[in-house]
Amino acid sequence: MNITELRVVSIDLPRREVRTPQRHPSWALEAEVANPMSRYAKVKRHRSLWLPKWESAWVKVTTEDGTWGLGTLNFAPVLAPVVEHLASQLVGEPCLAIDKLADMMVRLTKPYGSTGLASYAVSAVDLALWDLKGKLLEQPAYSLLGGPQKDRIFCYATGNDVDWYKELGFRAFKLACPYGPADGLDGIQRNEAFVAEARETIGDEAELMLDCWMAFDVDYTVRLAEALRPYRLRWMEECLIPEDLDGHIALRARLPWQTLATGEHWYTSVPFQWALHHGVVDILQPDINWCGGLTTCRRIAAAAGAAGISVILHGGGVTPFGQHFTYATPAAPWCEVFVGSPPGVPLEEAARLPGQTVPRDGWLVPSDAPGFGLEILEDWIHPYL
Ligand SMILES: [Mg+2]
């Protein structure tokens, strides 16, 4: 069965009806989060002041009998030509030969770089191919990976409305760190007060993590980690600029006692293999929509599992793609559930995609419908303009 069409599409998803009134706006709207641009005063207050406004779309892959699969495509306005380039070589290829197609895509993107933007396009095509395979074989994607490895997935909540996540039943929480090197000693003290308050809210029987979103350097990370040691962070995440490889080695040497996690802005399996080889982190966090898709995540998990290292996908619980991978993968013990919806509104009402399941009491089981279980009708799909 060969690929007959591979294209970027828009999907008119039904409007979500939020019936429950919010208690107050989500933390995500206004909270300051330390980031790589925090040193520039004009954009320091909020990430939305500098992040690109490129919208998301989808990749649709179709095969000879008309069966189709979908993957989400970030940064669609700049990536439509890359998908077109990939399509020029993938149309006519056997749709079930996913390892071959993933290998082709990494090599096809070589002249303009396989990491960064191109990797988002490769991921979208790869996920569409797995969705297609599931539909052709009438199996959920996790069954294509061998079947469930766990009864249900333990989820942690990301965001700063911690009391709301606790009420929802979560037992593990990750905060977005507000301050960084630009805020000096005062910022370290305010970060400590922020983490102390969260620890007080969740108590000693829950896990607490801190996401540092590429905002720090080695020295700042060490100073902050030492200040936060009394609060027993399960891990500190993405403290450094992802390309600073020497920095990762230096940080490991200076913080042997602190569990470190990173990887959401690493692309292809190569940096993960490097991290395993050099022992720089304890937990790898690829993003299945960014690093190359399910095929690349499988490859990373195989290497990590062999090395005794965990893979906890970035945002894995908020997409059916990450849910299916985690459900089937022994090296992936947890899922991340980013909560940007307002406190008071049930997660079911805030869910983004039809067919996507949401955690209950901090646990999640993916849909058992074919592919990734997306309940999207063909009528809703249009060419991307
Ligand atoms: Mg993160």
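It should be noted that the structure appears before, not after, this text.
As the structure is a prediction and not an experimental result, all values here were calculated from the model. (Residues numbered from 1 in each chain as written. Predicted model: local features only at pLDDT ≥ 70, side-chain atom pairs only at ≥ 80, totals over all residues. Heavy atoms only, no water.)

(A) Just the overall build of the protein, in detail. Secondary structure assignment for the protein yields 13 helices and 13 strands. The C-alpha radius of gyration of the protein comes to 21 Å, within 12% of the 21 Å expected for a compact globule of 385 residues. Along the first, second and third principal axes, the C-alpha atoms of the protein reach 60 × 50 × 45 Å. Out of the 385 residues belonging to the protein, those deemed buried represent 58%. (Helix = DSSP H or I, 4+ residues; strand = E, 2+ residues; numbered from the N terminus. Rg over C-alpha atoms; globule rule 2.2 N^0.38 Å. Buried < 20%, exposed > 50% of the residue type's maximum accessible area, 1.4 Å probe, protein only.)

(B) Here's a closer look at helix α8 (residues 218–228). Counting buried residues in α8 gives 8 out of 11 residues, a clear majority hidden from the surface. Where α8 is buried, its residues meet α7 (184–202), β6 (207–211), β7 (235–237) and α9 (245–254). With a side-chain oxygen positioned 3.4 Å from the backbone nitrogen of Asp-219, the residue opening α8 is Asp-217. (Contact = heavy atoms within 4.5 Å. Polar contact = N/O pair within 3.5 Å; in protein donor to acceptor, adjacent residues only side chain to side chain.)

(C) Representation of the nonpolar core within the structure. Among the nonpolar cores identified, the biggest contains 120 residues, and Phe-216 and Leu-284 are the most heavily contacted of them. Here the element with the most residues in this core is helix α4 (residues 117–137); it accounts for 10 residues. Leu-284 has contacts with Thr-262, Trp-266, Phe-272, Ala-275, Leu-276, Ile-300, Ala-304, Ile-309, Ser-310, Val-311 and Ile-312, leaving out every residue within four places of it along the chain. In terms of nonpolar packing, the next biggest core, distinct from the first, is built from 9 residues, Phe-154, Tyr-156, Ala-261 and Ile-283 among them. (Core = buried A, V, L, I, M, F, W, Y, C linked by side-chain atoms within 4.5 Å.)

(D) Representation of unusual backbone geometry within the structure. Notably, Trp-213 is not glycine yet its phi reads approximately 35 degrees, a positive angle. Along the chain, the position of Trp-213 falls in the loop between β6 and α8. Positive phi outside glycine occurs at Glu-238, with the angle close to 45 degrees. One can find Glu-238 in the loop between β7 and α9. A residue is classified by how much of its surface remains accessible, and Glu-238, at 2% relative accessible area, is buried.

(E) Broad picture of a nonpolar patch on the surface. A surface patch of nonpolar side chains, about 240 Å² in accessible area, is lined by Trp-54, Val-78 and Leu-117. Secondary-structure assignment places Leu-117 in helix α4. Take Leu-117: its relative accessible area is 38%, and that puts it in the partly exposed class. (Patch = residues over 30% accessible without salt bridge, like charges linked within 9 Å, V, L, I, M, F, W, Y side chains within 5 Å. Areas by Shrake-Rupley, 256 points an atom, 1.4 Å probe, with all protein chains shown as cover. Salt bridge = Lys/Arg side-chain N within 4 Å of Asp/Glu carboxyl O.)

(F) Main features of the environment of His-265. Looking at the element boundaries, His-265 is found in the loop between β8 (260–262) and α10 (270–278). Residues His-265 and Val-125, spaced 140 residues apart in sequence, show a C-alpha to C-alpha distance of 19 Å. In this structure, His-265 is in contact with Tyr-120, Trp-213, Met-214, Glu-238, Pro-242 and Trp-290, ignoring residues within four places of it in sequence. A distance of 2.6 Å separates a polar atom in the side chain of His-265 from a polar atom in the side chain of Glu-238.

(G) Representation of the pattern of salt bridges within the structure. Using the criterion set out here, one finds 17 salt bridges in the structure. With a closest N to O distance of 2.8 Å, Asp-183 and Lys-44 form a salt bridge. Of this pair, Asp-183 sits in the loop between β5 (172–176) and α7 while Lys-44 sits in the loop between α1 (27–30) and β2 (57–63), placing them 139 residues apart in sequence. Lys-44 carries the same exposure label as Asp-183, and that label is buried. In this structure, Arg-190 engages Asp-186 in a salt bridge whose closest nitrogen and oxygen atoms are separated by 3.0 Å. Here Asp-186 and Arg-190 lie together in helix α7, a separation of 4 residues that amounts to about one turn.

(H) Main features of a negative patch on the surface. On the surface, a cluster of negative charge is contributed by Asp-217, Glu-243, Asp-244 and Asp-246. With respect to the helices and strands, Glu-243 occurs in the loop between β7 and α9. Given the relative accessible area of 60%, Glu-243 is considered exposed. (Lys, Arg positive; Asp, Glu negative; His and termini not counted. Charge placed at Lys NZ, Arg CZ, Asp CG, Glu CD.)

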